[in-house]
Amino acid sequence: VADPTCSVAELPLLTAAERHQLLVEWNGTAADFGQEKCIHTLFEEQVERTPDAVAVVFEETQLSYAELNARANQLAHYLQGLGVGNTLGAETFVGLCVERSLEMVVAILAILKAGGAYVPLDPAYPADRLAFMLEDSAMPVVLTQSHLVDLVSSAIDVYIVDLNTIAFAQQPTTNPTDAPVTSASLAYIIYTSGSTGKPKGVLVTHQNVTRLFAATDHWYGFHDGDVWTLFHSYAFDFSVWELWGALLYGGRLVVVPYLVSRSPEAFYQLLCAEGVTVLNQTPSAFRQLIHAEEGMDTVTRKQEEGTTSTNAVTPLALRYVIFGGEALELASLHPWFVRHGDVTPQLVNMYGITETTVHVTYRPIRLTDLTPGSTGVPASVIGGPIPDLQLYILDQQQQLVPIGQPGELYVGGAGVSRGYLKRPELTAQRFLPNPFGPGALYRTGDLARRLPNGDLEYLGRLDNQVKIRGFRIELGEIESVLHTQPAVREAVVLARENAAGEKQLVAYLTLRGTASPNVAELRAHLLQKLPDYMVPSAFVWLEELPLTPNGKVDRRRLPAPESAAPAESYLAPRTASERSLAEIWQQVLGIGQVGVQDNFFGLGGHSLLATQVISRIRQQLSVELPL
């Protein structure tokens, strides 16, 4: 009545009380943790407090805080001599293409101290991706190592610094004081995947990072007795949390060798040997670690029985396990809780995005969270916002949705970065004016909803929806139900085209222990909670899910079901009727062989194709069968 021209979809449906609950009670996070100091300045203050403490360890070598600071200072002075932070301009982009090493940590510190912003160029990236990043950022300087020079030498007008050969020992070991850098200056540019196929560089400032630690300190209380691992690629922003979580608090940072990061068993042994207290993991990597620990338990039992002479494994010393990077399936944590309980270590789920500086939410996970409530076990509960951030779930008209209603998640507050490098149109699309307060809102593209207790539940990517035969399907919902099958350790579902060009759902599974459910059992389990059109047509069993260098599931490396499906016993048609039926199935499904014991849906069939089968049986065999 007040606005007769308003579309029905734009009408506000929230009551005043519910709107107050969403905006104030659960989102009144106006705390200011702004830092006027830069990242490297806070590190230098820690050096003054604990100069002789071990700062960083890699394999058999280590550096104290004073040694790390001195080496970083020498490299920083050398970089300033090349023009970084001055003649090359403030916020000079400096590429970094190095293997995991002490030099990697030295170089990151040195770039910041010189007044530059580091741009990670992970050597594991494809050559064309590295070439795009070099060209897009137009970085004038790249730090690398002798054996990696060829990866970056194709760029035009780039000065390459070989960290293995340059002599900067004569440079001063004192802290540079003339760098024109403030807390508002860029600290790094991390490239993330783009929906168009082109990576996009995210611009993150010193203050974006330092306020993250100030705002979460009351939860964690990190201190100089903590031991952290730098497990993730320095081109993945989870590494920012690992790096400075250790070095800004006087902790010890253990740089994990690449091959160790790819071996859950070797990484578990490193955690025990180094006495790691703070572990940061993607859920995919942690599930593999749980599996590795189960193997360690077997070794320990054999030691106790005297059947092996392997050295005993030192117990874990973990205080925290912090998740990020992808959705956490709560059911997957059950074996860990059975073994360790839910107090020490404390498991915490922290949803986050590169564009909003690593972490956005905080939610401790307890064993009781795995107990189904009135709405079941949440798919991935991510809790509430960090105190200086605001989270809003909005509909397509960018209005608040009611409690329990799915919508797109938007993030506001001090963690929101500057935007994308040289992408003003994309920045304008994703970084929007905040209608609820000051600053910008970042549009995440993630689907979430508020639970009745105020927690946020992550529901997957908006672009992870697929449409099959007219049905809109959330792949994450299928994965969530698969994880509740006791024998399933990990599950990923994709939509792939079969040989006939039809899109079908394929589930990739790793199994727990020696259990091996068959396709019929898996289908029956899924049909208890999902409609038949959401049940995968094919199931692929894998020893391990392939992971990206960042520790997330690498969906592009999942094999086609035809090449990976376990061989089933084939029973050929034995009668004329069976042969006729098999031929009908072959024609409808577009496959070359059908056995008597094959499952129609397991071969890629669905309800629409089933009607064709019924029709052909009627025509060829004069038999009327109910669908």
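## A word on the nonpolar core
Core analysis: the biggest nonpolar cluster contains 89 residues, and L68, L75, L143, W241, W244 and L247 have the highest contact counts within it. Per-element tally for this core: the top contributor is helix 4 (residues 102-114), with 11 residues. Here L68 is in contact with F43, A55, V56, L63, V105, V106, L109 and L247, once residues within four sequence places are set aside. Counting residues in hydrophobic clusters, the runner-up holds 41 residues, among them L271, F323, F337 and V540.

## What about the sheet that holds strand 25 (residues 503-511)?
Either a parallel or an antiparallel arrangement is found when strands of a sheet pair, and the pairing is made through backbone hydrogen bonds. Here we have three strands laid out as an open sheet, ordered 24-25-26, and mixed in their pairing. Of all the strands in the sheet, just strand 24 (488-497) and strand 26 (538-541) have a single pairing partner and so form its edges. On average, adjacent strands in this sheet sit at an angle of 25° to one another, irrespective of strand direction. In the sheet, strand 25 pairs with strand 26 via four bridges, with the strands oriented parallel. Within the sheet, the bridge partner assigned to A507 lies in strand 26 and is F539. Contacts from helix 14 (residues 475-482) reach strand 24, strand 25 and strand 26 within the one sheet, and its direction differs from that of strand 24 by about 150°. The strands touched by helix 15 (residues 519-527) within the sheet are strand 24, strand 25 and strand 26, with strand 26 carrying the most contacts at an inclination of about 120°.

## A word on the packing of helix 4 against helix 8 (residues 238-247)
The packing of two helices is summarised by the inter-axis angle and the distance between the axes. Interaxial distance between helix 4 and helix 8 falls to 13 Å at its minimum, and their mutual angle equals 85°. Viewed along their axes, helix 4 and helix 8 adopt a mutual orientation that is roughly perpendicular. Along its contact with helix 4, which presents V105, I108, L109 and L112, the element helix 8 presents L243, W244 and L247. Of the residues belonging to the contact of helix 4 with helix 8, the class tally is seven nonpolar, no polar and no charged.

## A few points about helix 15
L522, R523, H525 and L526 are the residues of helix 15 that are buried. Mapping the buried residues of helix 15 onto a view down its axis gives an arc of 160°, with all of them on the same face. Buried residues along helix 15 sit against helix 14, strand 24, strand 25 and strand 26. Where helix 15 begins, one side-chain oxygen reaches toward the backbone nitrogen of A520, 3.1 Å away; that side chain belongs to N518.

## What about helix 3 (residues 65-81)?
End to end, helix 3 covers 24 Å across 17 residues, agreeing with the expected 24 Å (1.5 Å per residue, within 8%). Buried residues dominate helix 3, accounting for 12 of its 17 residues. If you check which residues of helix 3 are buried, you get Y65, L68, N69, A72, N73, Q74, L75, A76, H77, Y78, L79 and Q80.

## Examining empty space enclosed by the protein
This model, assessed by the stated rule, comprises four cavities of 30 Å³ or more. The volume enclosed by the second largest cavity comes to roughly 60 Å³. In this structure, the second largest cavity is lined by L22, N27, L391, Y392, I393, L400, V401, P402, I403 and R450. Residue contributions to the lining of the second largest cavity peak at three residues, all from strand 16 (residues 389-394). The class makeup of the residues in the lining of the second largest cavity is eight nonpolar, one polar and one charged.

Basis of the calculations
Residues numbered from 1 in each chain as written. Predicted model: local features only at pLDDT ≥ 70, side-chain atom pairs only at ≥ 80, totals over all residues. Heavy atoms only, no water. Core = buried A, V, L, I, M, F, W, Y, C linked by side-chain atoms within 4.5 Å. Buried < 20%, exposed > 50% of the residue type's maximum accessible area, 1.4 Å probe, protein only. Helix = DSSP H or I, 4+ residues; strand = E, 2+ residues; numbered from the N terminus. Contact = heavy atoms within 4.5 Å. Pairing = 2+ DSSP bridges. Axes fitted to C-alpha atoms, helices over the stretch in contact; angles between N-to-C directions. Parallel < 35°, antiparallel > 145°, perpendicular 65-115°, else oblique. Nonpolar A, V, L, I, M, F, W, Y, C, P; charged D, E, K, R; others polar. Arc of directions from axis to C-beta. Polar contact = N/O pair within 3.5 Å; in protein donor to acceptor, adjacent residues only side chain to side chain. Expected span 1.5 Å × (residues − 1). 1 Å grid on protein atoms, 1.4 Å probe; cavity = no way out; pocket = protein on both sides within 12 Å on 5 of 7 lines; lining within 4 Å. Points joined across faces, edges and corners; volume = space filled by probe spheres on them.

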